[in-house]
Amino acid sequence: MSNNTKLTKWLPLIGAVLLIAGMWLGFAIAGGHKRSPFQEKLNRLYDIIENDYVDEIDLDSLLETQIPSLMKGLDPHSSYIPAADLEKVNSELEGSFGGIGIQFQVMNDTICVVEVIPGGPSEKVGVLAGDRIIAVDTVDIIKRHISDEDVRSMLRGEKGTEVSIKVKRNNAAKPLTFNIVRGDIPVTSVDASYMIDPTTGYVKVNRFSRTTYGEFLQAISKLKYLGAESLIIDLRGNGGGYMEPAILMANEFLPAYSKIVMTKGRDTADNSTVLSDGTGAFTDIPLVVLVDEFTASSSEIFSGAIQDNDRGLIVGRRTFGKGLVQRPILLPDSSEVRLTVQRYYTPSGRCIQKNFQRGKTDEYDEEIIERYNRGEIFNADSIYLNTSDIYKTLNGRTVYGSGGIMPDVFVPSDTTGYSSYYVNVSNAGLLQKYAYELSDLNREEFAKAKTVDELMKMLPSDATLLQSFVSYAAQKGVPARWHYINISSSLIVNYLKALIARDTLGFSASYEVYNSRDNVISQALKLLAEGEAAVPVRYERLKTNESEATTDNNE
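Residues numbered from 1 in each chain as written. Predicted model: local features only at pLDDT ≥ 70, side-chain atom pairs only at ≥ 80, totals over all residues. Heavy atoms only, no water.

## Some details on the packing of aromatic side chains
Counting across every chain of the model gives 10 aromatic pairs. Ring geometry for tyrosine 418 and tyrosine 422: centres 5.3 Å apart, planes at 70°, overall edge-to-face. Seen from their ring centres, tyrosine 495 and tyrosine 514 are 6.1 Å apart, and the 70° between their planes marks the pair as edge-to-face. Remark: tyrosine 514 occurs in helix α18 (residues 507-514) and tyrosine 495 occurs in helix α17 (residues 482-505); sequence separation between them is 19 residues. Using a relative accessible area of 39% as the deciding quantity, one classes tyrosine 514 as partly exposed. Pairwise contacts between aromatic rings join Phe216, Phe253, Phe282 and Phe302 into one cluster. The lysine or arginine in question, arginine 156, covers the ring of phenylalanine 97, its NZ or CZ lying 3.7 Å from the ring centre. Positioned over the ring face of tyrosine 345 is lysine 264, at 4.8 Å from the centre of the ring. (Phe/Tyr/Trp six-rings, centres within 6.5 Å; stacked < 30°, edge-to-face > 60°. Helix = DSSP H or I, 4+ residues; strand = E, 2+ residues; numbered from the N terminus. Buried < 20%, exposed > 50% of the residue type's maximum accessible area, 1.4 Å probe, protein only. Lys NZ or Arg CZ within 6 Å of the ring centre and 35° of its normal.)

Here you go:
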């Protein structure tokens, strides 16, 4: 029997022993106390394998593969990050990374520059939106299958390092070469902020990073200056991040000495209750917070603080249900574990962490799918309410624990306009490709538009835009099926306009278009107009017309 065959045979046993050794590592990380007899035993086993096993193996490398399983065996959110990945993982939450400063989209295996970040390295050397990157550091990338991650790995790097790109530009006879010195590229948390009607400001927050609170405060201050008398804060799809920015954001809306969040851990000395300090500048403005099943963690801290203090209305669908707090612990080799050390509780005392069983992360991750399967995403009657886990808000409203923040006003997922044709063109990426090509062909003309309204007036009529897209899709292999196209016509046209706005005016502009047919936004505006989100909130949970919302979905 060869050494390789023997090694293969014994790898499962070695892996098991290393996993146990990893458990010892976990005990050491969590406690740091004197080793117990059991830990000594594990350490002895590790030494025996290292010194006496028939083949020489790299135990450290094998242990590296076992640590993630160990962490996932604790709970779904404890994790291990190898040293090589740590900087990349942290960059988005820290608020910046080393790069060249572009927004890009890969289409037909070509890197298309969608937006050039103002003041960034690419803008300084003359890169323009619409440029197609055909080579990076003399490596030709045309006609090569390339992913978004491939692009990031090529263009990102340490600040001060240089990268050379070659681009194809429509009005240039030959490819252009730019030598770009990488700089600090900000990762923004606020995707959009604008006046959604004459008296209502809208803010979309995509994550909670180091810079989130500053970005958010700047956004809402500007909206108030523009005349905002009420606010919609959109946290849909926001998976969380750091806790502190969520606390600071909540503080802006709460009067002094209001509870924001409580944390409780194994060591009672670490338990805490965070109160507002009374310095908030927006304590009286009517407020609606939008949430969905992908709203998690820090987003739920903010939403729970607003709901339990009766400070605003939570509108949408039940949030994810992540109520566990991780502490980053740096290991000697510069890798990191993020260990769950506390649970957090909303001001009413709710722990909104949904149920999980240790080691069964697949079931935990698929819980969202189960919500879809049982109809909860489309019908409020299908929402599971744990009537044995009831709490009261500041004004006595009933709220529920045991799995996410329940909305005050349920709005179902809107599938109006979905058809097999829409699914086919979406899956083929044809909406994005058509919008980009149309924007590219008209870039000089569209560049004259300074606002979304001005840009929309430059576009062809809805019927012409739809017909043009259908012809384009047919050429790309998706035949016209007008019965289904008519079902999806409004959805297709609106999405195309949003994409064109993004490609022409930037990412924020797309929300101004896309939100115009968003049923959750419509409900939020209706509630604000009716005064239901005024301070103090007097709303009863799920009071609004669920039957009306469900009927709309069935149509």
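So much for the structure itself; the text now carries on.
## Some words on helix α8 (residues 243-251)
Within the sequence span of α8, burial applies to Pro245, Ala246, Ile247, Met249, Ala250 and Asn251. Summarising the contacts, the buried residues of α8 are in contact with α7 (212-225), β13 (259-265), β14 (272-275) and α9 (298-308). (Contact = heavy atoms within 4.5 Å.)

## Quick notes on the side chain of arginine 502
Position of arginine 502 among the secondary structure elements: in helix α17. Exposure remark for arginine 502: the relative accessible area of 16% places this residue in the buried category. In this view, arginine 502 contacts Gln105, Val114, Phe507 and Ser510; residues no more than four positions away in its chain are not counted.

## Topic: the pattern of salt bridges
Counting across every chain of the model gives 22 salt bridges. Arginine 350 is the partner of aspartate 308 in a salt bridge, and the nearest nitrogen-oxygen pair spans 2.5 Å. Taken together, the residues aspartate 308 in helix α9 and arginine 350 in the loop between β18 (336-345) and α10 (361-365) connect sequence positions 42 residues apart. Classification of arginine 350 by relative accessible area gives buried; the value is 0%. Between lysine 354 and glutamate 367 there is a salt bridge, and its shortest N-O distance comes to 2.8 Å. (Salt bridge = Lys/Arg side-chain N within 4 Å of Asp/Glu carboxyl O.)

## Side note on unusual backbone geometry
One non-glycine residue, tyrosine 257, lies in positive phi territory at about 65°. Within the element layout of this structure, tyrosine 257 appears in the loop between α8 and β13. Positioned with a positive phi, serine 334 is a non-glycine residue whose angle comes to about 70°. Relative to the assigned elements, serine 334 resides in the loop between β17 (324-330) and β18. Among the residues examined, serine 334 registers a relative accessible area of 40% and is labelled partly exposed.

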